[in-house]
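Chain by chain, the residues:
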Amino acid sequence: MLRPFKYILPLFFLAATALRPAAQTLAEPSGMIPPHYLTEAATNNPAVQAAFHLYEATLQKIPQAGAYADPVLDIGFFLEPMDIVGGRQAADFRLMQMFPWFGTRKAARTEAQHMAQMTFEQFRETRDNLYLDIYTQWYLLCSLQQQRNNTQEHLALLHQLETLALQKFTAGGSAQPAAASPQGESGRQPSPQAASAGGGGMGGMNMSPSPQAAATGNTSSMGSMGNTMSGMNAASPGMSEVLRIQLETAEAESTLETILSETTAGKARFNTLLNRPPETEIILPEGFSQIPFLLDTAEVMRIAVGQNPMLGMFAEEALAYTAKAEMDRKMGYPMFGIGLQYMLINKTAAAPQEGRMEMGGMSAAPAATGMDKMNGKDMFMPMLSVTLPIYRNKHKAALRENNLLRRASEAQYADALNRLQAELYQFKHQSDDAA
């Protein structure tokens, strides 16, 4: 009879906490869990810490998603300088920075933000599940303590009943032979005829009783045996009652030992949820009382849709896939690159001057002088590059993938909402049954 109540009780009290103030003390008769246990669990529980660190790690992906690609620097050296017009080229330096299509970085940051929010909803779910485990374990411990108190009171009553039954049995067993003794003695008294016969027959020594005396003696003996049997039958119900009480006492003591063992295991489980040694003592209230509350399923469902972590996670996941689809669509557009090229040029040896030719009184010296100005002069050249996304199949496949993943998240959201509604009505049934 206690097994269903054992599992319904935590749910019943957990729903009642929504209508009670959070600040409670250990001395309250309602048995509400002290808030510091929840704070300690949220701070020290390893599962909650792992979920929160995962959320913090996901936040670091937002700057990565919105960052530009690293610039590319190309450096080339000639083992033997190459002769070019105006000098000898010794090295070549190229620096290029690529820029995605307009709005691509914003879509990437939006996707990273939704993924981080989804991880935060997972953290909330882990924390809320921890709170539920703590509430459940707390009220199970309160239930076990109440059962222990009831069992101890039951044992005290059984000991009193056993004492009364023993006294009743003892009194009934000693009074019955005393009542049967006078009848037996009167049955053994000789009749007047036997006395006169014995007195008159002294000479002949005739000691045999008369037929009337023999009949009287037999009747008295049968009466004594009947009284003894009736006394034994009267004592049997009292003894059976004592044995029944002793058996019930043994069963209650065994139940008490089981409750104590379950309490020890429950306290260890409660301490592990708070990430502290299992032997740490837990102060439980002396008793608890039922908290009446009205469960408005429509209002609870409205709040659950806005606050349930699982629904929020699926909603954020769908938004993340929508943003990723926008990013993949813009990744299919050209990317632009702006760069600079620097060529290191050494001077060449001066050309011989005595071999110059003159034509029509004009000398070639001015031309040679212009080439001398360019000799050994380093060169800078701005560059512009554009990617040509002509292979469209991969971009189309990425868009279809994101669309299917978004539809899958929406279907998971609808399934989680349906299961949440079913669990809500099942909980309402359990709370009504427990009440």
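Residues numbered from 1 in each chain as written. Predicted model: local features only at pLDDT ≥ 70, side-chain atom pairs only at ≥ 80, totals over all residues. Heavy atoms only, no water.

K.L.:
What am I meant to see in the confidence of the model for the protein here?
P.N.:
Atom-level detail of predicted coordinates should not be read off regions where pLDDT is low. The predicted model of the protein averages 79 in pLDDT, with 72% of residues at 70 or higher. Within the protein, the lowest mean pLDDT, 38, falls on helix H1 (residues 2-16), and the highest, 96, falls on helix H3 (residues 46-59). Here residues 1-29 scores under 50 on pLDDT; set against residues more than four positions off or in separate chains, the count is 58 contacts. With pLDDT under 50 throughout, residues 174-226 is counted as low confidence; its partners more than four residues away or in other chains account for 16 contacts. (pLDDT = per-residue confidence, 0-100. Helix = DSSP H or I, 4+ residues; strand = E, 2+ residues; numbered from the N terminus. Contact = heavy atoms within 4.5 Å.)

K.L.:
Help me out: how do you make sense of the nonpolar core in this one?
P.N.:
Looking at soluble globular proteins, one finds that nonpolar side chains tend to be buried together. With 21 residues, the main nonpolar core has Ile33, Tyr37, Ile134, Trp138, Phe270, Leu274 and Ile282 as its most contacted residues. When contributions to this core are tallied by element, the ones reaching two or more residues are helix H2 (35-44), H3, helix H5 (104-188) and helix H7 (211-273). If we ignore the near neighbours within four places in the chain, the residues touching Leu274 are Tyr37, Glu40, Ala41, Asn44 and Ile134. Counting ten residues, the second largest nonpolar core, distinct from the first, contains Met301, Met313, Phe314 and Leu417. (Core = buried A, V, L, I, M, F, W, Y, C linked by side-chain atoms within 4.5 Å. Buried < 20%, exposed > 50% of the residue type's maximum accessible area, 1.4 Å probe, protein only.)

K.L.:
Help me understand the pattern of salt bridges in this model?
P.N.:
Note on pairing: side chains with opposite charge can pair once their charged atoms come close. In total, this model carries 14 salt bridges according to the counting rule given. The residue Arg127 makes a salt bridge to Asp128 at a minimum N-O spacing of 3.5 Å. Among the residues examined, Arg127 registers a relative accessible area of 24% and is labelled partly exposed. The exposure class of Asp128 is partly exposed, given its relative accessible area of 28%. A single salt-bridge network, built from bridges that share partners, covers Glu326, Arg329 and Lys330. (Salt bridge = Lys/Arg side-chain N within 4 Å of Asp/Glu carboxyl O.)

K.L.:
Would you mind showing me how to read helix H9 (residues 309-331) here?
P.N.:
Each turn of an α-helix holds 3.6 residues, which means side chains three or four residues apart point in the same direction. For H9, which comprises 23 residues, the first-to-last C-alpha distance of 32 Å matches the rise-based estimate of 33 Å (1.5 Å per residue) to within 8%. At the N-terminal end of H9, a side-chain oxygen is found 3.0 Å from the backbone nitrogen of Met310, two or three residues along, and the residue is Asn308. (Expected span 1.5 Å × (residues − 1). Polar contact = N/O pair within 3.5 Å; in protein donor to acceptor, adjacent residues only side chain to side chain.)

K.L.:
What is the right way to read the pairing of strand E3 (residues 336-346) from this model?
P.N.:
On E3, burial follows the alternation: Gly337, Gly339, Gln341, Met343 and Ile345 on one face are buried, whereas Phe336, Ile338, Leu340, Tyr342, Leu344 and Asn346 on the facing-out side are not. Summarising the sheet, strand E2 (residues 87-99) and E3 pair through eleven bridges and their orientation is antiparallel. By the bridge assignment, Gln97 is partnered in E3 with Ile338. Across eight bridges, E3 lies against strand E6 (residues 379-386) in antiparallel orientation. Counterpart to Phe336 in the pairing with E6 is Val386. (Pairing = 2+ DSSP bridges.)

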